[in-house]
Amino acid sequence: MELCTQTVAADEVITRRSAKHHPTVWGDHFLAYAYLLGANEQEEKQHEYLKEEVRKMLVKAPSKSLQKIDLINTTQRLGIDCHFEREIEESLSYLYAGYEEWIGEVDASYNLHDIALSFRLLRQQGYCASCDVFRKFTDGQGNYKKALVEDVQGMLSLYEASQFRVHGEQILDEAVNFTTVQLKLILPKLSNTLARQVSSALKFPIKDGIVRVETRKYISFYQENESRNEVLLNFAKLDFNILQRLHKKELCDITRWWKELEMPKTLPYARDRVVELYFWSLGVYFEPQYNVARKILTKVLCFCSIMDDTYDTYGTLKELTLLTEAIERWNIDASEHLPPYMKIIYRALLDVYNEIENELANENKSFLVNYSITEMKKLLRAYFQEAKWYHEKNIPTVEQYVKNGTPSSTYQLLATTSWLGMGEVATKDAFDWIATEPLILVASSIIARLLNDLVTHEIEQERGDAASGIECYIKEYGVTKEEAHREMKKVIENCWKDLNQEYLKPTVNIPKVLLMPIINLTRVSEFIYKDEDAYTFSKNNLKDIVSMVLIDPIIA
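Here's a quick rundown of the structure. Only a predicted model underlies this, so the values are computations on that prediction, with no experimental measurement involved. (Residues numbered from 1 in each chain as written. Predicted model: local features only at pLDDT ≥ 70, side-chain atom pairs only at ≥ 80, totals over all residues. Heavy atoms only, no water.)

1. Description of the overall build of the protein
Summing up its helical and strand segments, the protein has 24 helices and 2 strands in all. Against the 2.2 N^0.38 benchmark of 24 Å for 556 residues, the protein shows a C-alpha radius of gyration of 25 Å, consistent with a compact globule. Its C-alpha atoms put the protein at 85 × 65 × 45 Å along the principal axes. By the burial criterion, 58% of the 556 residues in the protein qualify as buried. Of the roughly 24,300 Å² of accessible surface on the protein, a fraction of 50% belongs to carbon and sulfur atoms. (Helix = DSSP H or I, 4+ residues; strand = E, 2+ residues; numbered from the N terminus. Rg over C-alpha atoms; globule rule 2.2 N^0.38 Å. Buried < 20%, exposed > 50% of the residue type's maximum accessible area, 1.4 Å probe, protein only. Areas by Shrake-Rupley, 256 points an atom, 1.4 Å probe, with all protein chains shown as cover.)

Have a look at this one:
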């Protein structure tokens, strides 16, 4: 923590806090992609040909067969399933319609891997498949049979399937504990490729993985599989590289916009992380049709980050009061009494929202931007509350903290904003629904808030920031830091069950395609805050991941 003094008037000296964040690790790298071309004619022909070959495989594979189930899984893991949504949905719908009967028929012959994989694919698709299918693998006391340990693939599939559990599914709670312990024990004895696959899954199960990151990793695993299908592999590589070029071009445009704003130069106290924030948006949706949505979400994320640093460390309480009041008014005249640096932030924020309105005007959807503005106001009220707690040296109760932490996680704003630019599917009714703060959104927000707290609270306490959820819990319940960590992890686990449950529960007029950004935002949190605050300290591990996804093509 660095303190700096600033003379504002002859009789007033302001001492400001600054976290002294490291500069961007990317510089102008992505500006080099201004003239990057998309797929050439030969690549387009090859892409279309391979896509049709994969489609034929999916159609020809017998219904309810292991061949079909494995094929669906492989297309999903290779990141090419977005091209075959109709075929996959039809197959899994058919499987679910006769699921209980099918499981009964195959009970004797199907192994743990087959049943766990089928269960996971159905749950991922939003079907509430019964977890009773796993009873055949337990003994009379409800414990999983020890002999299962010999079946590494089965154990891995059960581990992945159990991540999609909801409340009251004790057999899946037991499965998580059993498989996690056993996979860790057998990890040193596994072959190199399988060991890497298991190790990767233990850190980031499919439930938690960012699609583009997991796709890139799985292509390398699949390439080493002796029974790989070359058509699938070649299509996945080509598709990844073509999409990566599109993402590079998008990031070039975003980087130019950011550079023209000159925010890093004007606001040296704020984190300069535009590339990482685009990566965040890419974790929400990577498909070509969401290019406008990604641009909107990234720009709003940039202002969330600026506001976070302004409220968290740099602004005085007097200044933050003025800024919060100006945000409530939301018009250019409201910036009149703000200090110069805040005027720049405020006016740029309003400009961005005006841009978004203009972007959506062609679809007659400009009015939907008001839903995002409402959430931005909620976010800054929550930031202001945290600032007041800090300045008043007040540690709130856990209940007060979580209630305020739900909007301060940014996820209510980000989830709402993520729908802008998604087209006709994002209706006014859908925005009215998300504005009610449904459980799936609250659960996602709490997960994001607490994951952040778990890895940042020690650094924040060293620099004298406001109390995090960890400090609130320690103070209220008189426990150790380790106990507080355990309790926070239990809350996160329960929130994931809420999330899974809400995704499986049919929601009137809210299609799954709109629920996925909420799920994917949660996955980005799991990724960014796994071992450290990878967003703030982006020069560490995140740099290599961004390179893997956004710079280095896959060698064919």
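2. Some remarks on helix H17 (residues 398-408)
Within H17, burial applies to Val398, Tyr401, Asn404, Gly405, Thr406, Pro407 and Ser408. Positive phi shows up at Thr410, right after H17, with a value of about 80 degrees.

3. Side note on the packing of aromatic side chains
Summed over all chains, the structure comprises 22 aromatic pairs. Aromatic side chains Trp257 and Trp258 sit 5.9 Å apart centroid to centroid with 40 degrees between the ring planes, which places their arrangement in the tilted category. Each of the two residues, Trp257 as well as Trp258, counts as buried. In textbook terms, an aromatic cluster arises when at least three aromatic residues are bridged by ring pairs, as seen for Tyr371, Trp419, Phe431 and Trp433. Over the aromatic face of Phe240 sits the side chain of Arg212, whose NZ or CZ is 4.1 Å from the ring centroid. Seen from the ring of Tyr503, Lys512 lies directly overhead, with NZ or CZ sitting 5.0 Å from the centre. (Phe/Tyr/Trp six-rings, centres within 6.5 Å; stacked < 30°, edge-to-face > 60°. Lys NZ or Arg CZ within 6 Å of the ring centre and 35° of its normal.)

4. Re helix H13 (residues 291-314)
In this model, H13 (24 residues) spans 33 Å end to end at C-alpha, consistent with the 34 Å of a helix rising 1.5 Å per residue. Across the 24 residues of H13, 20 count as buried, placing the element largely inside the fold. (Expected span 1.5 Å × (residues − 1).)

5. Some remarks on the environment of Phe235
Position of Phe235 among the secondary structure elements: in helix H10 (residues 230-261). Residue Phe235 is classed as buried on the basis of its relative accessible area, which comes to 0%. The spatial distance from the C-alpha of Phe235 to the C-alpha of Lys512 is 26 Å, given a sequence separation of 277 residues. Once residues within four sequence positions are removed from consideration, Phe235 is found in contact with His47, Leu50, Lys51, Val54, Ile80, His83 and Phe84. (Contact = heavy atoms within 4.5 Å.)

6. Regarding empty space enclosed by the protein
For the structure on display, the rule yields 3 cavities of 30 Å³ or more. As for the largest cavity, its lining consists of 37 residues, of which Arg271, Asp308, Arg449, Asn452 and Tyr529 are closest to the centre. When residues of the lining of the largest cavity are traced back to their parent elements, those giving at least two are helix H12 (274-284), H13, helix H16 (369-391), H17, helix H18 (411-418) and helix H20 (439-462). A per-element tally of the lining of the largest cavity places H20 first, with 8 residues. Residue lining of the second largest cavity: Lys64, Ser65, Lys68, Ile69, Ile72, Ser91, Leu92 and Leu95, and that is the complete set. The set of elements that each furnish at least two residues to the lining of the second largest cavity consists of helix H2 (66-77) and helix H3 (85-97). Residue classes in the lining of the second largest cavity are distributed as 4 nonpolar, 2 polar and 2 charged. (1 Å grid on protein atoms, 1.4 Å probe; cavity = no way out; pocket = protein on both sides within 12 Å on 5 of 7 lines; lining within 4 Å. Points joined across faces, edges and corners; volume = space filled by probe spheres on them. Nonpolar A, V, L, I, M, F, W, Y, C, P; charged D, E, K, R; others polar.)

7. Brief notes about the pattern of salt bridges
A complete count under the given rule lists 34 salt bridges for this structure. Between Lys56 and Glu53 there is a salt bridge, with the nearest N and O atoms lying 3.1 Å from each other. With Lys56 and Glu53 both in helix H1 (residues 41-60) and 3 residues apart, this pair spans about one turn of that helix. On the accessibility criterion, Lys56 (42% relative accessible area) is partly exposed. Under the relative-accessibility criterion, Glu53 is labelled partly exposed at 22%. Between Asp173 and Lys497 there is a salt bridge, with the nearest N and O atoms lying 3.0 Å from each other. (Salt bridge = Lys/Arg side-chain N within 4 Å of Asp/Glu carboxyl O.)

8. Side note on the side chain of Thr522
With respect to the helices and strands, Thr522 occurs in helix H23 (residues 512-528). A polar contact of 2.9 Å, which involves the side chain of Thr522, links it to the side chain of Ser444. Beyond its immediate chain neighbours, meaning those up to four positions away, Thr522 contacts Tyr411, Ser444, Ile447, Trp496 and Leu499. (Polar contact = N/O pair within 3.5 Å; in protein donor to acceptor, adjacent residues only side chain to side chain.)

9. Focus on the layout of surface pockets
Empty space within the largest pocket amounts to approximately 1,100 Å³. What lines the largest pocket is a set of 40 residues, and nearest its centre among them are Asp81, Gln124, Gln125, Tyr503 and Met516. Elements with a contribution of two residues or more to the lining of the largest pocket: H2, H3, helix H5 (112-124), helix H9 (211-223), H12, helix H22 (481-504) and H23. The element best represented in the lining of the largest pocket is H23, accounting for 7 residues. Across the lining of the largest pocket, the residue classes tally to 19 nonpolar, 9 polar and 12 charged. Considered as a void within the structure, the second largest pocket measures approximately 950 Å³ in volume.

10. Focus on the environment of Ala466
On the secondary structure map, Ala466 appears in the loop between H20 and helix H21 (469-477). For the pair Ala466 and Glu392, spaced 74 residues apart in the sequence, the C-alpha separation amounts to 9.7 Å.

11. Observations regarding the packing of helix H6 (residues 152-162) against helix H8 (residues 192-203)
Put simply, H6 and H8 touch, their axes get as near as 11 Å, and they point 20 degrees apart. Relative to H8, the element H6 lies roughly parallel. Taken as a pair, H6 and H8 cross one another with a handedness that is left-handed. Together, Val152, Leu156, Tyr159 and Glu160 of H6 and Leu194, Val198, Ala201 and Leu202 of H8 make up the contact between the two elements. A class-by-class count of the residues in the contact of H6 with H8 yields 7 nonpolar, no polar and 1 charged. (Axes fitted to C-alpha atoms, helices over the stretch in contact; angles between N-to-C directions. Parallel < 35°, antiparallel > 145°, perpendicular 65-115°, else oblique. Left-handed = near helix turned anticlockwise from the far one by under 90°.)

12. Describing the side chain of Thr75
Looking at the element boundaries, Thr75 is found in helix H2. Ignoring sequence-local partners within four residues, the contact set of Thr75 consists of Val54, Ile80, Asp81, Ile88 and Leu232.

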